[in-house]
Amino acid sequence: MLNYVVDRTSFLEPFVVDVDVDAATMPKATNHLVRRASAMRGHYADAAALDELIRNGDPLHYEVFETPVPEEYGHLMYCISKLQPGRVGNEFFMTKGHYHTVLETAETYLGLQGTGFMVMKTPDGTFNAQPISRGKMVYVPPYWAHRSVNTGDEPLVSWCVYPGEAGHNYGDIEDEGFPKRVLLENGQIVMR
Ligand code: PAN
Ligand code: ZN
C-alpha cells in the first residue's frame with residue numbers, strides 16, 4: 001500500500017465545477033474579479049483616451065471567474081478570463097498582466113472564444129507574443145510575465161490553469177512595462 005502524509009499540501013475531496021463555456025462563466029464561481037477601464041490607469045499609451053472612456057461610463061474591461069483551491073504547491077488554480085473587445089486610442093483592450101510571484105511557475109491558456117494575443121516578457125527584456133483563439137492553447141513557461149490582448153470584435157475568453165502557489169506580482173511588470181504594444185494602424189494589427 002502506498003503511504004502518504006498530508007503536510008505540505010491540503011487534502012481535498014474530489015469535486016466537479018460547472019463551466020458554461022458558451023456564456024463564458026462559472027455559474028457558481030466564488031471569486032469574480034471585475035476590472036473596468038478605471039482599473040487600467042497607467043497601462044495604456046494614450047492616457048487621455050482612457051480618461052475619456054472612464055468619463056463615458058467606465059466600461060467593463062475584463063472579468064475573471066474562479067472557484068479557488070488552496071494557494072499551495074500541488075494544487076492547480078483554474079479560471080475563466082473574459083476580456084472585452086475595444087480600443088483605448090489605437091491600442092487594443094488588454095489585461096494588466098503580471099509575473100507570477102513564484103517566478104518558476106507556468107500557466108496554460110486555452111482559447112475558447114474570440115481572437116487576440118498573449119504578450120509575454122522575461123525579466124531580462126525578451127519579448128514574445130503568441131496568437132490565441134478558440135482551440136489554441138498558449139503555454140506560458142515559468143519566468144514570463146503575461147498579458148492577454150483582444151484584437152477581435154467579440155470577447156476574448158480563455159481557460160487558465162496555473163500552480164496553486166504561483167501568486168500574482170503586478171508591480172514589477174507595471175514598473176517595467178511590456179516591450180511592445182498591440183495597435184491598430186491603417187486597419188492593420190501591429191506590435192511595436
Ligand atoms: C489569469 C489572469 C487574468 C487577468 O487568470 O489573472 O487573465 O489578468 P490580470 O491578472 O493580469 O489582471 C492569470 O494569468 N492568472 O495567473
Ligand atoms: Zn498568470
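All residue numbers refer to position in the chain's written sequence, counted from 1. Both sets of labels track the order of writing: A upward for chains, 1 upward for ligands. pLDDT decides what is reported in this predicted model: residues at 70 or higher carry local features, side-chain atom pairs at 80 or more are listed and counted, and totals for whole chains, interfaces and linings draw on all residues regardless. Only hydrogens and water are set aside when side-chain values are computed; all heavy atoms of the structure are taken into account.

Enquirer: Go over the packing of aromatic side chains with me, naming the residues and quoting the values.
Expert: Note on ring pairs: Phe, Tyr and Trp rings are taken, using the six-membered ring of Trp, and paired if centres are within 6.5 Å. Classes follow the plane angle, with under 30 degrees stacked, over 60 edge-to-face and the rest tilted. Inspection of every chain in the model, using the stated rule, returns two aromatic pairs. Here, over-ring charges are defined by two tests on the NZ atom of lysine or the CZ atom of arginine: distance to the ring centre within 6 Å, and angle to the ring normal within 35 degrees. The aromatic ring of tyrosine 73 is capped on one face by arginine 8, whose charged end is 3.9 Å from the ring centroid. The lysine or arginine in question, arginine 35, covers the ring of tyrosine 170, its NZ or CZ lying 5.3 Å from the ring centre.

Enquirer: Which residues make up the coordination of the zinc ion (ligand 2), and what values go with them?
Expert: Of the protein atoms, only His98 (NE2), His100 (NE2), Glu107 (OE) and His146 (NE2) coordinate the zinc ion (ligand 2), at distances of 2.1 to 2.3 Å. Counted as donors are N, O and S atoms no farther than 2.8 Å from the metal, or 3.2 Å for Na, K and Ca; water is not among the atoms, and sites may therefore look incomplete. Note on geometry labels: four donors, all angles 85 to 135 degrees, give tetrahedral; four donors become square planar and six octahedral when opposite donors are over 155 degrees apart and every other angle is between 65 and 115; remaining cases are irregular. Around the zinc ion (ligand 2) sit six donor atoms; with metal-centred angles ranging over 75 to 171°, the donor geometry is octahedral. Written as a sequence motif, the donor arrangement for the zinc ion (ligand 2) is H-x1-H-x6-E-x38-H. Here histidine 100 matches glutamate 107 in class, with each residue buried. Residue exposure (1.4 Å probe, protein chains only): buried if accessible area is under 20% of the type maximum, exposed if over 50%, otherwise partly exposed.

Enquirer: Requested: an account of the environment of glycine 74, with residues and values cited.
Expert: Inspection of the secondary structure puts glycine 74 in the loop between strand 2 (60-66) and strand 3 (76-83). Overall, the relative accessible area of 58% leaves glycine 74 in the exposed class. Taking the C-alpha atoms as reference, glycine 74 lies 24 Å from leucine 33; in sequence the two are 41 residues apart. Pairs of residues are marked as contacts when any of their non-hydrogen atoms sit within 4.5 Å. Non-local contacts of glycine 74, meaning those with residues more than four positions away in its chain, are made with Thr9 and Glu165. Under the scheme used here, helices are H or I runs from DSSP no shorter than 4 residues and strands are E runs no shorter than 2 residues, and both carry numbers assigned from the N terminus.

Enquirer: Outline the pattern of salt bridges, supporting the account with residue identities and numerical values.
Expert: The salt bridge definition used is simple: a Lys or Arg side-chain nitrogen within 4 Å of an Asp or Glu carboxyl oxygen. In total, this model carries six salt bridges according to the counting rule given. Measuring nitrogen to oxygen at the nearest pair gives 3.9 Å for the salt bridge that ties aspartate 51 to arginine 41. Residue aspartate 51 is found in helix 1 (residues 47-55), and its partner arginine 41 is found in the loop between strand 1 (31-36) and helix 1; the two are separated by ten residues along the sequence. Two residues, glutamate 52 and arginine 55, come together in a salt bridge whose shortest N-O distance is 3.3 Å. With glutamate 52 and arginine 55 both in helix 1, this residue pair falls three residues apart, about one helical turn.

Enquirer: I'd like to hear about helix 1, residue by residue, with values.
Expert: When helix 1 is considered as a whole, its buried residues turn out to be Ala49, Leu50 and Ile54. What you see down the axis of helix 1 is that its buried residues fit within an arc of 140°, all on one side. For helix 1, the exposed residues lying more than 90 degrees away from the buried face are Ala48 and Arg55. What the arc describes is the spread of directions from the helix axis to the C-beta atoms.

Enquirer: Which residues make up the layout of surface pockets, and what are the values?
Expert: Every definition here rests on a 1 Å grid over the protein atoms only: cavities are sets of points where a 1.4 Å probe fits but cannot get out, pockets are open sets enclosed by protein on both sides within 12 Å along at least five of seven lines, and lining residues have some atom within 4 Å of a point. Grid points are joined across faces, edges and corners, and a volume is the space filled by probe spheres set on the points. Taken as a whole, the largest pocket encloses approximately 340 Å³ of empty space. In terms of lining, the largest pocket is formed by 21 residues, of which the most central are Leu33, Val64, His98, His168 and Tyr170. Elements with a contribution of two residues or more to the lining of the largest pocket: strand 1, strand 2, strand 3, strand 7 (107-113), strand 11 (145-150) and strand 12 (156-163). Classes in brief: Ala, Val, Leu, Ile, Met, Phe, Trp, Tyr, Cys and Pro nonpolar; Asp, Glu, Lys and Arg charged; the others, Gly included, polar. Per-class residue counts for the lining of the largest pocket are eight nonpolar, eight polar and five charged.

Enquirer: Hey, could you go over the site of ligand 1 for me, with residue numbers and the actual values?
Expert: Distances are taken per atom, and a residue is near a molecule or strand as soon as one of its heavy atoms is within 4 Å of it. Around ligand 1, a shell composed of 17 residues is seen, among which Tyr62, Gly97, Glu107, Tyr109 and Tyr170 lie nearest. Counted as a polar contact is a pair of N or O atoms within 3.5 Å, where, for protein atoms, one must be capable of donating a hydrogen and the other of accepting one, and residues adjacent in sequence contribute only when both atoms are in side chains. In the environment of ligand 1, an oxygen atom lies 3.0 Å from a nitrogen or oxygen atom belonging to the side chain of histidine 98. Within the side chain of histidine 146, one N or O atom sits 3.2 Å away from an oxygen atom of ligand 1. In short, Shrake-Rupley with a 1.4 Å probe defines the accessible areas, and a residue's cover is counted only from the protein chains shown. Compared with its free state, where it exposes 390 Å², ligand 1 has 98% of that area covered by protein. The pocket occupied by ligand 1, as judged from atoms lying within 2 Å of grid points, is the largest pocket. Listing elements by their share of the shell around ligand 1, those giving two or more residues are strand 2, strand 3, strand 7 and strand 12. Here the residues of the shell around ligand 1 are counted per class, giving seven nonpolar, seven polar and three charged. Grid points define the cavity or pocket, and a molecule sits in it when more than half of its atoms lie within 2 Å of them.

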